[in-house]
Amino acid sequence: MKISWGVKIAAAYALFVIGVLIMVFIFMNQDVSLVTDDYYAEGIKYQEQIEKMNRTKKLTEQLDIRVNAGFIALAFPKFFKSNELGGTIHFYRPSDKTKDFTVKVETDTARVQNIPTINLSKGLWKVKIDWSAKGNSFFNEKNLIIN
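Since the structure is predicted, the reported quantities are computational estimates derived from the model, not experimental observations.

Draft legend 1. Seen up close, the pattern of salt bridges. If you walk through the whole model with that rule in mind, you get four salt bridges. Residues R66 and D64 are paired through a salt bridge, measuring 2.8 Å at the closest nitrogen-oxygen approach. With relative accessibility at 29%, the residue D64 sits in the partly exposed group. Where salt bridges share partners, they join E48, K52 and D130 into one cluster.

Have a look at this one:
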């Protein structure tokens, strides 16, 4: 049995259409959520963020962020007094934005803040500390792995 060239063209066209429909179905079911809902406003504020990061780099002593057994320890520079420190600590979970949360900077007299890890999911967390002392704003960011 011989198949005519018209049937071959129709079969090739039908396979192409089916392939396109399958790809459309797959791509329509992909998660395309953005890192932040208001990314345009975040982009405008980025220059201020760069200035904070540059100011932070110029400090003679840096903020120390460590994961210890059961808690995350943030040790602020010793040349600031504990009552001068303020700001927020944002915990960002790249794989699930519903787990993100923010904590206020509240240090003890030794300028250390301990944050328990008991309620944190295991895996990668990005910690963004937007803090201030003596009228200046600073910013630190660190990736942490919680086990």
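Don't stop here, the text continues.
Draft legend 2. Seen up close, the packing of aromatic side chains. One pass over the full model with this rule turns up eight aromatic pairs. When the ring of F76 is compared with that of W131, the centres are 5.2 Å apart and the planes differ by 70 degrees; the resulting orientation is edge-to-face. Separated by 55 residues along the polypeptide, F76 in the loop between β2 (71–75) and β3 (86–92) and W131 in strand β6 (residues 123–133) bring together distant segments of the chain. Neither F76 nor W131 differs from the other in exposure class; each is buried. Taken together, a centroid distance of 5.8 Å and an interplanar angle of 80 degrees make the contact between F80 and W131 edge-to-face. Taken together, the residues F80 in the loop between β2 and β3 and W131 in strand β6 connect sequence positions 51 residues apart. With respect to class, F80 is no different from W131; both count as buried. Through pairs of rings, three or more aromatic residues link up here, namely F76, F79, F80, W131 and F138. The positively charged end of K128 is found above the aromatic ring belonging to Y92, 5.1 Å away from the centroid.

Draft legend 3. Quick peek at the nonpolar core. Within the largest apolar cluster, 21 residues are counted, with the highest numbers of intra-cluster contacts made by I72, L74, F76, I89, I129 and W131. Broken down by secondary-structure element, the contributors of at least two residues to this core are β2, β3, β6 and β7 (136–146). If one sorts the elements of this core by residue count, β6 sits on top with five residues. Contacts of I72, omitting those with residues within four sequence positions, involve I65, R66, V67, F91, Q113, N114, I115, T117, L120, L144 and I146.

Draft legend 4. Highlighting the environment of Q49. By the secondary structure assignment, Q49 is in helix α3 (residues 46–57). For the pair Q49 and T102, spaced 53 residues apart in sequence, the C-alpha to C-alpha distance is 18 Å.

Draft legend 5. Layout of the sheet that holds β7. Ordered in space as β4-β3-β6-β7, the four strands form an open sheet in which the pairing is antiparallel. Taken across any chain shown, the strands that pair with only one partner, and hence form the sheet edges, are β4 (101–104) and β7. Sheet twist, expressed as the average angle between the axes of neighbouring strands with direction ignored, equals 15 degrees. When β3 meets β6, the two strands line up antiparallel, connected through seven bridges. Residue pairing for β6: I89 is matched across the bridge by I129. Against the sheet, α3 engages β6 and β7, with an angle of about 85 degrees to β7.

What counts and how
- Residues numbered from 1 in each chain as written.
- Predicted model: local features only at pLDDT ≥ 70, side-chain atom pairs only at ≥ 80, totals over all residues.
- Heavy atoms only, no water.
- Salt bridge = Lys/Arg side-chain N within 4 Å of Asp/Glu carboxyl O.
- Buried < 20%, exposed > 50% of the residue type's maximum accessible area, 1.4 Å probe, protein only.
- Phe/Tyr/Trp six-rings, centres within 6.5 Å; stacked < 30°, edge-to-face > 60°.
- Helix = DSSP H or I, 4+ residues; strand = E, 2+ residues; numbered from the N terminus.
- Lys NZ or Arg CZ within 6 Å of the ring centre and 35° of its normal.
- Core = buried A, V, L, I, M, F, W, Y, C linked by side-chain atoms within 4.5 Å.
- Contact = heavy atoms within 4.5 Å.
- Pairing = 2+ DSSP bridges.
- Axes fitted to C-alpha atoms, helices over the stretch in contact; angles between N-to-C directions.

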